[in-house]
Amino acid sequence: MENKDGWIWYDENFVPWREARVHVLTHTLHYGMGVFEGVRAYLTEQGTAIFRLQDHTKRLFDSARMLGITMPYTPEQMNAAQKEVLIKNKLDSAYIRPMIFYGAEGMGLHTKELKVHGIVAAWQWGAYLGEENMQRGISVKVSSIARYAVNTAMCRAKANGYYINSMLALQEAQQHGYDEALMLDVNGYLAEGSGENIFILSDGVIYTPELGCVLDGITRRTIIELATNELGMDVVEKKITRDEAYIADEVFFTGTAAEVAPVRKIDEHCIADGKRGPVTEKLQALYNDVVGGRNKKYQDYLTFI
Ligand code: PMP
């Protein structure tokens, strides 16, 4: 990633991509206390638009508040930086990565003297789970790594260090030949993927794990809205067991990077006939139309640059 042309927004300045560096004693590198977002911009007929920018920025600030990190910039500055980084890098569609982290002013677990820094990088990133899998569906392994619990972490925060949990789960799944992991919560109910929320469809009703230890995904919110308003379906947030997922009619993952990804198999259990289901396909198409600016009803979710 480091050897690229382009510019990274770094503490209010644009720095050449290869020069956007930190010291080895950077606090966040040692202890993981930092917050970040993953945002996408899409090319629409009316130009490039960032999807749900304000909601991502709100979650970034909420994450910082939960962890006691004083944001060094305003939401307006973070929004402007994300727009500018696309313009500066001449990107018409992109994945955008804002991150807030502590500097190298001191060691130890307190954060008193530390400076808080901000970066925004952006680059072109295709289908996170593979283009062919968007139709074929992914294979998922229930992980032996449980998702954090509400009394061990600020589960709603999108914090750097929390991704060790996700990475362990993904590593295990991939070592066993699966595309993704499905983490359960500490009580054995479905939680989420390593970087995605999960939905299941059963007898015409859509279910997704209630918020608690899972990330309040912005794609999750969008899909709940689209399934309810556009497909007239019931979406129920509840505790879901692993066996319910095995026998579901359809299963799919959602996330900014992953978008709407069908799940064709969990462990050795094929989901229905092991193909993308019709509701998943409809939601994928609806989501693509919304992010691509083709559904005027959801135009407010787009921030044109
Ligand atoms: N869960 C986790 C653990 C994630 O990292 C992500 C990606 N941010 C999601 C869910 C999906 O969230 P969103 O739809 O906001 O990208």
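A short tour of the structure in this document, coming up. (Residues numbered from 1 in each chain as written. Predicted model: local features only at pLDDT ≥ 70, side-chain atom pairs only at ≥ 80, totals over all residues. Heavy atoms only, no water.)

Here we look at the site of the ligand
Taken together, 15 residues form the shell around the ligand, and within it Tyr163, Glu192, Ile218, Thr219 and Thr256 come nearest. Side-chain polar atom of Lys158 to a nitrogen atom of the ligand: 2.8 Å apart, as the coordinates give it. Between an oxygen atom of the ligand and a main-chain N or O atom of Ile218, the distance comes to 2.7 Å. Summarising the interface, the protein chains cover 96% of the accessible area of the ligand, which totals 380 Å² for the free molecule. For the shell around the ligand, the elements supplying multiple residues, two or more each, are helix H6 (218-229) and strand E14 (250-255). Looking at the shell around the ligand residue by residue, the classes come out as three nonpolar, eight polar and four charged. (Near = heavy atom within 4 Å. Polar contact = N/O pair within 3.5 Å; in protein donor to acceptor, adjacent residues only side chain to side chain. Areas by Shrake-Rupley, 256 points an atom, 1.4 Å probe, with all protein chains shown as cover. Helix = DSSP H or I, 4+ residues; strand = E, 2+ residues; numbered from the N terminus. Nonpolar A, V, L, I, M, F, W, Y, C, P; charged D, E, K, R; others polar.)

Section: the nonpolar core
Counting residues in each nonpolar core, the largest one holds 34 residues, and the members touching the most others are Ile69, Met78, Leu86, Ile96 and Ile100. Elements represented by at least two residues in this core include exactly strand E4 (39-44), helix H2 (53-67), helix H3 (75-88), strand E6 (94-102) and strand E7 (116-123). Broken down by element, the residue count for this core peaks at five residues, all from H2. Contacts of Ile69, omitting those with residues within four sequence positions, involve Met33, Gly34, Val35, Ala64, Ile100, Tyr102 and Val116. (Core = buried A, V, L, I, M, F, W, Y, C linked by side-chain atoms within 4.5 Å. Buried < 20%, exposed > 50% of the residue type's maximum accessible area, 1.4 Å probe, protein only. Contact = heavy atoms within 4.5 Å.)

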